[in-house]
Amino acid sequence: MTSGSSATPRGLTRFNTSDESAAQAELHEVCTSSAWGRKIIAQRPFASAETLFTASDAAMAELSPEDLAEAMAGHPPIGRPKPGDPTSSREQRGMAGASEELKAEMLELNLGYQDRFGHVFLICATGLTGEQMRDALKVRIANTPDQEWEIVRAELGKINRIRLTSLVEQGENA
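A quick note: this is a predicted structure, and the numbers were derived from the prediction, not measured.

K.L.:
Which parts of the structure should I look at to understand the overall build of the protein chain?
P.N.:
Secondary structure assignment for the protein chain yields 9 helices and 0 strands. Along its sequence from the N terminus, the protein chain presents helices and strands in the succession α-α-α-α-α-α-α-α-α. Relative to its full complement of 174 residues, the protein chain shows a buried share of 42%. Roughly 9100 Å² of accessible area belongs to the protein chain as shown, and the carbon and sulfur atoms make up 54% of that amount.

Next up, the structure:
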């Protein structure tokens, strides 16, 4: 996407004009919450990437605990990206070169987090090192469940923006 360009990005144009089932499938790759996807679909067409991001943020803010749990189900534990999923591997790149000790520590911390909160530890891992993810997990495990759900909601919002950016920019270098 060229900065300063007023043209609608190709990926956004394609998303705006695709049939509902194709658009839903694309959104499911961004976030597995069906409620979030329905809210986004209902607002098409989007005039710009920024209006899509704003709609995503608003939809995320409205998700119920059940909807958040559905969104969380689409995210593997840190340090164990989904096999064959390039998005998962790319987002968790910071753990790829981690030492065996760090990987073992993350596994132990992840299991403790899951026991405490009943779901995987979720963080927008893009650009973070394994040590930064571990340190965040150590801090967040002390949160109350209510605090942690709000952090999870914010982290999902960050992940959605990154993934929506990829969707919007598809075909820009063609």
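K.L.:
Is there a simple way to explain the packing of aromatic side chains in this structure?
P.N.:
Here a ring pair, both rings aromatic, is described through the centre-centre distance and the interplanar angle of the planes. Overall, the coordinates contain 2 aromatic pairs when judged by the stated rule. Between Tyr-113 and Phe-117, the aromatic rings sit 4.6 Å apart at their centres with planes inclined by 45°, giving tilted as the arrangement. Within this pair, Tyr-113 and its partner Phe-117 are both found in helix α7 (residues 100–117), separated by 4 residues, close to a single helical turn. With relative accessibility at 12%, the residue Phe-117 sits in the buried group. Considering the side-chain rings of Tyr-113 and Phe-121, the 5.3 Å spacing of their centres and the 80° angle between planes classify their relative orientation as edge-to-face.

K.L.:
Whenever I open this one, helix α2 (residues 20–30) confuses me. Can you help?
P.N.:
Side chains three or four residues apart in an α-helix point the same way, a direct result of the helix having 3.6 residues per turn. Residues Ala-23, Glu-26, Leu-27 and Val-30 constitute the buried set of α2. Down the axis of α2, the sector holding all buried residues measures 95°, keeping them to one side. Exposed and oriented more than 90 degrees from the buried face of α2 are Ser-21 and Glu-29.

K.L.:
Help me understand the side chain of Ser-56, please; the structure alone is not making it clear to me.
P.N.:
By secondary structure assignment, the location of Ser-56 is in helix α4 (residues 49–61). Assessed through its relative accessible area of 1%, Ser-56 is described here as buried. If near-sequence neighbours (up to four positions away) are discounted, Ser-56 is found in contact with Trp-36, Ile-40, Asn-160 and Leu-164.

K.L.:
Help me understand the side chain of Arg-134, please; the structure alone is not making it clear to me.
P.N.:
Relative to the helices and strands, Arg-134 resides in helix α8 (residues 130–140). Setting aside residues no more than four positions away along its own chain, Arg-134 makes contact with Leu-102, Glu-105, Met-106 and Leu-109.

K.L.:
Sorry if this is basic, but what is going on with the nonpolar core here?
P.N.:
In this structure, Phe-15, Trp-36, Ile-40, Leu-52, Ile-78 and Leu-156 are the most contacted members of the largest nonpolar core, which totals 43 residues. For this core, the secondary structure elements donating two or more residues are α1 (10–17), α2, α3 (34–41), α4, α5 (65–72), α7, α8 and α9 (145–169). Residues in contact with Phe-15, not counting those within four places in the same chain, are Ala-23, Glu-26, Leu-27, Ile-40, Arg-44, Phe-46, Leu-52 and Leu-167.

Criteria and thresholds
- Residues numbered from 1 in each chain as written.
- Predicted model: local features only at pLDDT ≥ 70, side-chain atom pairs only at ≥ 80, totals over all residues.
- Heavy atoms only, no water.
- Helix = DSSP H or I, 4+ residues; strand = E, 2+ residues; numbered from the N terminus.
- Buried < 20%, exposed > 50% of the residue type's maximum accessible area, 1.4 Å probe, protein only.
- Areas by Shrake-Rupley, 256 points an atom, 1.4 Å probe, with all protein chains shown as cover.
- Phe/Tyr/Trp six-rings, centres within 6.5 Å; stacked < 30°, edge-to-face > 60°.
- Arc of directions from axis to C-beta.
- Contact = heavy atoms within 4.5 Å.
- Core = buried A, V, L, I, M, F, W, Y, C linked by side-chain atoms within 4.5 Å.

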